[in-house]
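So the chains spell out like this:
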Amino acid sequence: MPSNFKLDHFFKVNMSKGPGLYHDIGKKARDVLYGDYAHQPRTHFGFKNNIRWNFDLSCQSPDILQGVSAYFRFLVPDSGRVELRYLNDYFGIAAGAGVRSYEDGVFRGEGYYPVVNVSGVAGSTFFSLGTDVTFNVAEGSFEEFRVGMSFNSPFIHSSVNLDDKLDAVKASCYYSFNQLTRTAVAAELKHNFSTSGKTTLTFGAQHSMFPYTLMKARMNTDFKMSALFRLDLWNKLLLAFTGEMNMMASDSDKISKVGVSMAFNL
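A short tour of the structure in this document, coming up.

A word on the overall build of the chain. Along the backbone of the chain there are 2 helices and 18 strands. Computed over the C-alpha atoms, the radius of gyration of the chain is 20 Å, within 12% of the 18 Å expected from 2.2 N^0.38 for a compact globule of 266 residues. Seen along its three principal axes, the alpha-carbon backbone of the chain occupies a region of about 55 × 45 × 45 Å. Across the 266 residues that make up the chain, the buried fraction comes to 33%. Counting only carbon and sulfur atoms, one obtains 64% of the accessible surface of the chain, whose full area is about 16,300 Å².

Now the structure itself:
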């Protein structure tokens, strides 16, 4: 297929979709590198310090007004939030409120604190610039402050973000080889400024041998390797099996994580 036809098709398909929301910046690369892998939020349930789990419930309403919708997410026991979203061809705005737990580790029921969040993105499907701010109401301080921009083309999706209250810079890119088999690669480079000066490069890939399966693998410069196998059953149930190996650990601790996740789409 001629490349100019691909480019024209991309422009026609994406002309009216707008820039999306702030979490859409770099989303394709994050999905390849981190989506469905075994990881836990800051606060989680635990059993004998080896088994950790949590529940994630999210829901988005149909449009209340033109371009306006409501979104709910409860990450039990870590956090919960409710927000309003507005999308058009040139802007994406989200504002909401929620709670987060005080704990960092296994949940002990020591309470929650309120937060408010505002994010906005301006641009188009090809280039967008946005910011995301979270304010801790209990302490009267900013808990998160992030800015980011993205550039998308028919061939590659790339983004640059300043995270951790502008203390870390993160650049990512995503390239799709075949949409039918969901074959794609992604890479992310992250550098911390003040804390450790650490720089980490993460590379990952995914491929679907059958329409109902997805295989993924990733590796970073900390010599951690991960693999994932996911089953998509009846378009409603997603079942993922993941494992992580730390090549720098001792032989008895090389396999550091094994996880199972299930997702139901209603």
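Let's shift gears to the sheet that holds strand β2 (residues 51-53). The strands making up a sheet are joined through hydrogen bonds of the backbone, oriented either antiparallel or parallel. Spatial strand order, β2-β1-β7: 3 strands in an open sheet with mixed pairing. Edge positions in the sheet fall to β2 and β7 (105-106), since each has one partner strand and no second. In this structure, strand β1 (residues 43-47) lies alongside β2, joined through 3 bridges in antiparallel fashion. Looking across to β2, one finds that Gly46 is bridged to Arg52.

For the rest of this paragraph, the subject is the packing of aromatic side chains. The geometry of an aromatic ring pair is captured by the separation of the ring centres together with the interplanar angle, meaning the angle of the planes. Inspection of the entire model under this criterion finds 8 aromatic pairs. Between Phe107 and Tyr112, the aromatic rings sit 6.2 Å apart at their centres with planes inclined by 40°, giving tilted as the arrangement. Overall, the relative accessible area of 24% leaves Phe107 in the partly exposed class. The rings of Phe45, Trp53, Phe55, Phe107 and Tyr112 are connected pair by pair, giving a single aromatic cluster. When the ring centre of Tyr71 is taken as origin, the NZ or CZ atom of Arg85, which lies over that ring, is 3.9 Å away.

Once their charged atoms are close, side chains differing in charge can pair, the charge on each being opposite to the other. Here the structure, examined in full by the defined rule, presents 14 salt bridges. Taking the shortest distance from any N to any O, the salt bridge between Arg230 and Asp232 comes out at 3.0 Å. Each of the salt bridges in this network shares a partner with another, and the network as a whole consists of Asp36, Arg182, Arg230 and Asp232.

Rules used throughout
Residues numbered from 1 in each chain as written. Predicted model: local features only at pLDDT ≥ 70, side-chain atom pairs only at ≥ 80, totals over all residues. Heavy atoms only, no water. Helix = DSSP H or I, 4+ residues; strand = E, 2+ residues; numbered from the N terminus. Rg over C-alpha atoms; globule rule 2.2 N^0.38 Å. Buried < 20%, exposed > 50% of the residue type's maximum accessible area, 1.4 Å probe, protein only. Areas by Shrake-Rupley, 256 points an atom, 1.4 Å probe, with all protein chains shown as cover. Pairing = 2+ DSSP bridges. Phe/Tyr/Trp six-rings, centres within 6.5 Å; stacked < 30°, edge-to-face > 60°. Lys NZ or Arg CZ within 6 Å of the ring centre and 35° of its normal. Salt bridge = Lys/Arg side-chain N within 4 Å of Asp/Glu carboxyl O.

It is worth stressing that arrangement in space is one thing and function is another; only the former is reported here.
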